[in-house]
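A look at the structure
Listed below, chain by chain, are the residues.
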Amino acid sequence: MSYRSRKSELIIAVLLALAAMILPACSSSDNGAAGGGSSNSEAMYALSTEKSSLASVESLAEYDLVIQNGRVIDPATGRDQTATVGIKDGVITKIAPGALPCEGDCQVVDASGLIVSPGFINTHTHEGGGMQFVESGQAYVQDGITFWLGGNCGYSPNGTSMSMPAWLDEAELQGLYNNYATLSGHNTLRRNVGIGFNKPESPEQITQMAAILEGDLAAGSFGVSYGTFYDPGGTKEAMIALAKASKAEGGMAASHTREITFDLLNILFPYDGPAFTPSFYLSQKINLVIFKDSITEAIDTCKEADIPYIISHLTDMAYNGSITWALDTIQQAIRWQGLPLASDVIGYDTFKNDFYALTRYGMIPVGTLFKMAGVKPEQFWMAEDVFVDDELYMAAYERMTSVSQAEYLAAMFKAGRAHAGPDSDSGSVAIWCNIVDPVSTMLAIKRPFVFMGNDGGVGRNSHTGAVDVQPRSYSCFSRLLGHWSRDLGAISLKQALFKATIAPALWLGLDKKGRLQEGCDADITIFNPDTIIDRAKAEAGQLDLPPLGIEYVIVNGQIVVEHGTFTGNTPGKVVRRTWQIPGNTRQVIALYHKRFPLLPF
Ligand SMILES: [Zn+2]
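Here the residue index of a chain counts from 1 through its sequence in written order. Only residues with pLDDT of 70 or above have their local features reported here, since the model is predicted, and side-chain atom pairs are shown and tallied only from 80 upward, although totals for entire chains, interfaces and linings are computed over all residues.

1. Remarks on the sheet that holds strand β20 (residues 430–433)
- When DSSP locates at least two bridges between a pair of strands, those strands are taken to pair. Think of it this way: any DSSP run of H or I at least four residues long counts as a helix, any run of E at least two long counts as a strand, and we number them from the N terminus. The sheet built from three strands is open, its strands ordered β16-β20-β17 with antiparallel pairing. Two strands lie at the open edges of the sheet, namely β16 (351–354) and β17 (380–382), each paired on one side alone. With direction set aside, neighbouring strand axes in the sheet form an average angle of 35°.
- Sheet topology note: the β16/β20 ladder contains four bridges and is antiparallel. Each bridged residue has a counterpart across the sheet, and for N353 the counterpart in β20 is I431. Note on definitions: angles span 0 to 180 degrees between N-to-C directions of axes, and those axes are lines fitted to C-alpha atoms, for helices only across the stretch in contact.

Written out as structure tokens, the structure is:
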């Protein structure tokens with residue numbers, strides 16, 4: 001190759017790079033264009049800053065909504081300035097310092113003292129029961145969530161009685177508070193082809209499941225979710241086959257992993273968490289982790305199918321010091337193997353689960369389980385009344401007092417499950433488990449590949465109609481910003497916003513979301529950084545308390561929540577995937593390092 005041609009190639013490359021930089025991230029008509037790119041976003045910020053000096057002469061501009069006097073933070077570009085945001089037809093059309101004209105039907109939001117952020121993106125959640133997914137979205141929007149991905153942990157929202165295309169069509173007809181997308185569940189697919197609880201799949205059944213999944217993906221499903229924790233019958237072979245089917249159609253995968261992990265060192269030499277203690281530090285060096293396959297099965301599936309893959313609610317799955325091993329293992333697979341892996345966490349210390357499932361369906365004696373996880377009976381309390389022989393044995397919210405009591409309950413649930421039949425996955429009872437070590441959450445949210453997922457869902461008691469919900473449904477993001485970031489200082493405000501907005505948007509290929517830029521969807525959350533905090537707790541009457549400090553939530557250009565009150569607007573849309581999910585973890589990490597260069601990874 002001559003010097004001349006190399007030079008001309010260089011010139012063309014520079015011109016192409018310049019053209020790419022000038023193209024704003026949100027100007028593309030195709031949401032499928034992977035990424036969006038930090039360079040594009042930065043160029044756009046430069047352009048918008050330059051143009052801002054012209055703002056005062058654009059008096060003819062028209063907006064439906066103008067947000068003024070707020071501190072506008074866009075983690076994608078690094079913008080952090082007092083500016084005015086103009087919105088027209090659901091799109092951010094102007095961001096500039098100073099005033100924007102607001103005439104006629106235009107509405108003004110005064111964001112003085114508040115932060116104006118891209119709306120929060122929730123990568124892991126559930127629809128609740130049936131068409132209660134509208135109510136679930138209503139819970140989430142109060143927490144600033146403007147986009148959520150349901151269908152996690154192995155269960156499709158449509159169940160076995162409705163197809164995914166029919167579900168999405170039906171969902172479209174509901175009045176949605178925020179934007180909604182979903183996954184197809186492995187366990188639901190198993191039921192669709194007649195596989196009973198804890199039974200392995202035959203090759204023919206795997207082919208049948210893959211065919212249904214392909215139909216789901218064509219209708220807009222984001223991919224496949226696994227829940228081998230809830231139905232251990234699902235095989236790794238089936239997981240990989242479904243991952244390949246999802247990847248072929250541009251989809252992703254997410255898993256509630258098969259087992260919870262424990263660190264043997266902490267079992268032998270217990271550390272009395274939550275705290276950083278000598279044994280905790282030592283365990284980080286030695287890592288004698290039990291049930292390692294739980295994480296490696298997910299990583300193998302990701303690698304075999306080369307599919308964008310989220311390992312779900314990691315801090316709820318890795319106990320007794322094993323979180324660092326889990327995080328490092330995922331990080332090394334990203335760094336050294338280039339795998340499109342990510343993870344998500346809930347950020348709550350307490351969750352509700354099936355007590356029988358926690359004992360691995362009666363396989364692990366409760367006393368052993370408590371020792372392995374480093375927990376005590378008092379960390380568990382009933383989520384519902386428990387009756388033995390029609391007599392009330394323990395009332396809802398009553399705490400366990402001894403290992404023998406827990407063992408008695410486990411034996412009773414085992415008998416209940418046996419009574420329900422070998423193929424049944426019912427027959428247990430839900431309990432509150434205050435066992436997620438806050439140290440684990442603090443360690444996990446520091447990693448750039450860890451997103452936030454509330455793992456929520458609103459249900460209703462079929463007899464009383466009372467709300468059946470976990471507190472996290474209302475407060476995952478307000479807790480991130482108020483509790484973990486502001487009060488405990490685990491990460492900075494801007495790191496928290498990066499995690500809540502651009503990181504998942506880049507990864508999922510949502511090119512017009514998670515960004516506060518001209519041309520992007522007007523999904524915006526406005527909050528008070530001094531007062532934002534979660535309030536919902538796993539206590540009677542406090543399950544569904546909305547957070548404080550989230551002053552406005554705007555979805556597709558319309559105000560949905562204003563000072564904690566619903567406006568009646570339901571502008572949310574069903575987001576059907578038409579693009580290939582990029583799962584570009586390395587790009588997310590690279591942008592994170594650009595924004596926060598002094599932090600180690
Ligand atoms: Zn789960």
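So much for the structure itself; the text now carries on.
2. Here's the deal with the packing of helix α11 (residues 323–337) against helix α15 (residues 438–445)
- Where α11 meets α15, the closest approach of the two axes is 10 Å, and the angle between their N-to-C directions is 20°. As the angle between them shows, α11 and α15 are arranged roughly parallel. Of the two elements, α11 crosses α15, and the hand of that crossing is right-handed. For the pair α11 and α15, contact is made by I323, T324 and L327 and by S440, L443 and A444, respectively.
- Here the residues of the contact of α11 with α15 are counted per class, giving four nonpolar, two polar and no charged. By the definition adopted for this analysis, an angle is roughly parallel if under 35 degrees, roughly antiparallel if over 145, roughly perpendicular if from 65 to 115, and oblique otherwise. We call a crossing left-handed when the near helix sits turned anticlockwise from the far one by less than a right angle, and right-handed when that turn is clockwise. Two residues qualify as a contact pair if the distance between their C-beta atoms, derived from the backbone, is within 7 Å. Side-chain classes follow a simple rule in which Ala, Val, Leu, Ile, Met, Phe, Trp, Tyr, Cys and Pro form the nonpolar group, Asp, Glu, Lys and Arg form the charged group, and the remainder, Gly included, forms the polar group.

3. So, the nonpolar core
- For this analysis, nonpolar core means a set of buried Ala, Val, Leu, Ile, Met, Phe, Trp, Tyr and Cys residues linked through C-beta atoms within 7 Å. Remark: C-beta atoms are placed from the backbone, and a residue is labelled buried if 20 or more other C-beta atoms sit within 10 Å of its own, exposed if 12 or fewer do, or partly exposed between those counts. Counting residues in hydrophobic clusters, the biggest one holds 160 residues, and the most contacted among them are V116, L242, Y309, L341 and I526.
- When neighbours within four sequence positions are excluded, I526 is seen to be in contact with I67, G70, V109, A111, L114, I115, V116, E551 and Y552.

4. Notes on the sheet that holds strand β14 (residues 309–311)
- Across the sheet, which stays open at both edges, the six strands sit in the order β9-β10-β11-β14-β15-β21 with parallel pairing between neighbours. Lying at the two open borders of the sheet, with one neighbouring strand each, are β9 (184–185) and β21 (450–452).
- Pairing between strand β11 (residues 252–256) and β14: three bridges, direction parallel. Across the sheet, A254 pairs through a bridge with I310, a residue of β14.
- Most of the contacts of helix α10 (residues 293–305) go to β14, to which it runs at about 175°, and overall it touches β11, β14 and β15 (341–345).

5. A closer look at the pairing of β20
- By the bridge criterion, three bridges tie β17 to β20 in an arrangement that is antiparallel. From the neighbouring strand, F380 faces β20, where its bridge partner is C433.

6. Quick word on helix α17 (residues 493–500)
- Counted residue by residue, α17 has six buried out of eight residues, so it is predominantly covered.
- Every buried residue belonging to α17 is among Q495, A496, L497, F498, K499 and A500, and all of these are buried.

7. Quick word on helix α19 (residues 585–595)
- Residues T585, V588, L591 and Y592 constitute the buried set of α19. Looking down the long axis of α19, one finds its buried residues gathered within 130° of arc, a one-sided arrangement. Arc definition: directions from the helix axis to the C-beta atoms.

8. What to know about the packing of helix α6 (residues 203–219) against helix α7 (residues 236–248)
- In contact at an axis separation of 9 Å, α6 and α7 are set at 30° when each is read in the N-to-C sense. If you check the angle between α6 and α7, you find them roughly parallel. Crossing of α6 over α7 shows right-handed handedness. On α7, the residues that touch I206, M209, A210, L213, E214 and L217 of α6 are A238, A241, L242, A245 and S246.
- Split into classes, the residues belonging to the contact of α6 with α7 amount to nine nonpolar, one polar and one charged.

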